[in-house]
Amino acid sequence: MLKKGMKKIFYGVLLFEILCAFLAFFTNAGYVHKATYDICTPDAVQKSFDGSEEYRFNVKEIGREQETVVFFSHHQFVEVFQDGEVVYSALKDGGIWGHTPGSMWNFVPIKNGAEELVVKLTPAYDSVKFEKCTFYKGRELDVFMKIFQRAVPAFLASAIIIILGIALVASWSVIKRRAKIGNSLLYLGCFSIVFGLWSTNETNVASLCIRNRVGAYFLAYILLMMMEVPFVLFAKEFLNIGDKKIWKALCGLSVAENIAVLTLHFCGIAELKETLFLTHIVLCIGMVYMLGCLIYKITHHEIDNRVKVSIAGIVSVVLAAVLDILCYYFRAGDADLFGRFLFLFFILLVTRETITEAVEIMEKGRKAAEYQRLADMDALTGMFSRSSYERDIQNIILNSGIMIVSFDLNNLKLCNDKYGHKMGDEYLLSASALIAKIFQKYGKIYRIGGDEFCCIIEKAKECPIKYCIEQ
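These numbers come from a predicted model, not from an experiment. (Residues numbered from 1 in each chain as written. Predicted model: local features only at pLDDT ≥ 70, side-chain atom pairs only at ≥ 80, totals over all residues. Heavy atoms only, no water.)

A. Up close: the sheet that holds strand β12 (residues 452–457). Read from one edge to the other, the open sheet built from three strands follows the order β10-β12-β11, with strand pairing classed as antiparallel. Strand pairing shows two members of the sheet lacking a second neighbour, β10 (403–408) and β11 (444–447), which therefore form its edges. Direction aside, neighbouring strands of the sheet carry axes that sit 20 degrees apart on average. Bridge count between β11 and β12: four bridges; the pairing is antiparallel. (Pairing = 2+ DSSP bridges. Helix = DSSP H or I, 4+ residues; strand = E, 2+ residues; numbered from the N terminus. Axes fitted to C-alpha atoms, helices over the stretch in contact; angles between N-to-C directions.)

Pasting the structure below:
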């Protein structure tokens, strides 16, 4: 029943994901809000040696009144002028948290009567110099809704990953109390939560709704650095690798890298954005470790369901990671456009396999406990059996504080012969009920033979034995 219940939960989550995907499609197609906008091309672009750029627009060519120019700035300080007057700026950095205004969507409304619009972008880091910037024009709400709608699929995928991660940790805590299982569910859950939070923070939904962009920037890098350790621990635990050194070295490397880049950041030597390649290298090493574990299993002919699931999952995750890193460094789009969807596929595969195994372990444990209970109890009277008595008597240290009371029923064989075994059973049940009524509160009662009973009383002084015998 537990196994069927977990399968229902798994397929329920999968159905929920499909429904969310359909919702995202219709939202993205514009059925929820008929939002429209156009790309706005600058009339002139001026680049400086420091990496700053000025984009000039003829306001009359932008369009009707109440138009808004919208653009995304990636770690760039922003100044917008209309006819030489500053109408919008994003020049404040985060100080110790990052000398950058962060990455954000900028909405600049066009003033009535304006003739020229100038947008100046100054890079906070050398890596974002002369970065391509696309400008859009339209009514502010229309542009906002269109950007928001396009980000919904990625946001929903990230949200589902977080929910699955929380469910995995909760499932692990529940199952751990009922059966001896490993920690793969815990590690996968922790990794999923961290990955999901990071992925959510990278969507345009977060860019539009979270106003503290420096805080979001800092949080993104911290979450990215936190992924390595739970991923390595999960790979080792899930694939049941007897490795005692490599995983420790990788976790130590990750911790050392985290300490190093944070030290460089807070000392003002190199900020997190500038040392991101180190985090990417450490994450890639973690994926190589899981690939190595899979190759070890395959070459040693230890291909079970977990290995098969891992092959499908790790191929998708590695592919996603490579594509996402290429997208990030070559500015080809969303830095996690592929990863969040392929990782969702990976986590669903692994979760199904892990939960199924955990439930099977729980079921085996339940059956073993039931068999043990049946072995320890006498089927007729419900008292403890002879095997239970022999086990307990070996573990008890006999001393003056222990009392053992034995009982032998009179004429059980005569009762069986004269009145039948059914009446003999009634005789046994009545006698055992009487013994239990008087002695059960003082000790443990056993049926050690056909007509023999025994009670072990560990605190003899507390039992009024003469009164009990009279009763």
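B. Molecular detail of the pattern of salt bridges. Under the defined criterion, the tally for this structure stands at eight salt bridges. For Glu 390, the salt bridge identified is with Arg 386, shortest N-O distance 3.2 Å. Taken together, the residues Glu 390 and Arg 386, both in helix α12 (residues 386–395) and four residues apart, mark about one turn of the helix. Look at Arg 386 and you get partly exposed, because its relative accessible area is 44%. One connected set of salt bridges, linked through shared partners, spans Glu 54, Arg 56 and Glu 116. (Salt bridge = Lys/Arg side-chain N within 4 Å of Asp/Glu carboxyl O. Buried < 20%, exposed > 50% of the residue type's maximum accessible area, 1.4 Å probe, protein only.)

C. Up close: the pairing of strand β7 (residues 103–109). The element β7 is largely enclosed, with a buried count of six among its seven residues. Here seven bridges tie strand β4 (residues 68–74) to β7, and the two strands are oriented antiparallel to one another. The partner of Val 70 across the bridge, within β7, is Phe 107.

D. A look at helix α13 (residues 412–419). Regarding α13, the residues found buried are Leu 412, Cys 415 and Asn 416. Angular distribution of buried residues about the axis of α13 spans 95 degrees; they occupy a single face of the element. What points out from α13, more than 90 degrees from its buried face, is the exposed set Lys 413, Leu 414, Asp 417 and Lys 418. Those residues of α13 hidden inside the fold are in contact with α14 (421–439). One or two steps after α13, the chain reaches Gly 420, where phi turns positive at roughly 100 degrees. (Arc of directions from axis to C-beta. Contact = heavy atoms within 4.5 Å.)

E. Examining the packing of aromatic side chains more closely. Per the stated rule, a full pass over the model turns up 17 aromatic pairs. Taken together, a centroid distance of 6.3 Å and an interplanar angle of 40 degrees make the contact between Phe 107 and Phe 144 tilted. Of this pair, Phe 107 sits in strand β7 while Phe 144 is found in helix α3 (residues 140–178), placing the two residues 37 residues apart along the sequence. Judged by relative accessible area, which is 17%, Phe 107 ranks as buried. Taken together, Tyr 55, Phe 57, Phe 71 and Phe 135 form an aromatic cluster joined through their ring pairs. Against the face of Phe 384 rests Lys 444, its NZ or CZ located 4.3 Å from the ring centre. (Phe/Tyr/Trp six-rings, centres within 6.5 Å; stacked < 30°, edge-to-face > 60°. Lys NZ or Arg CZ within 6 Å of the ring centre and 35° of its normal.)

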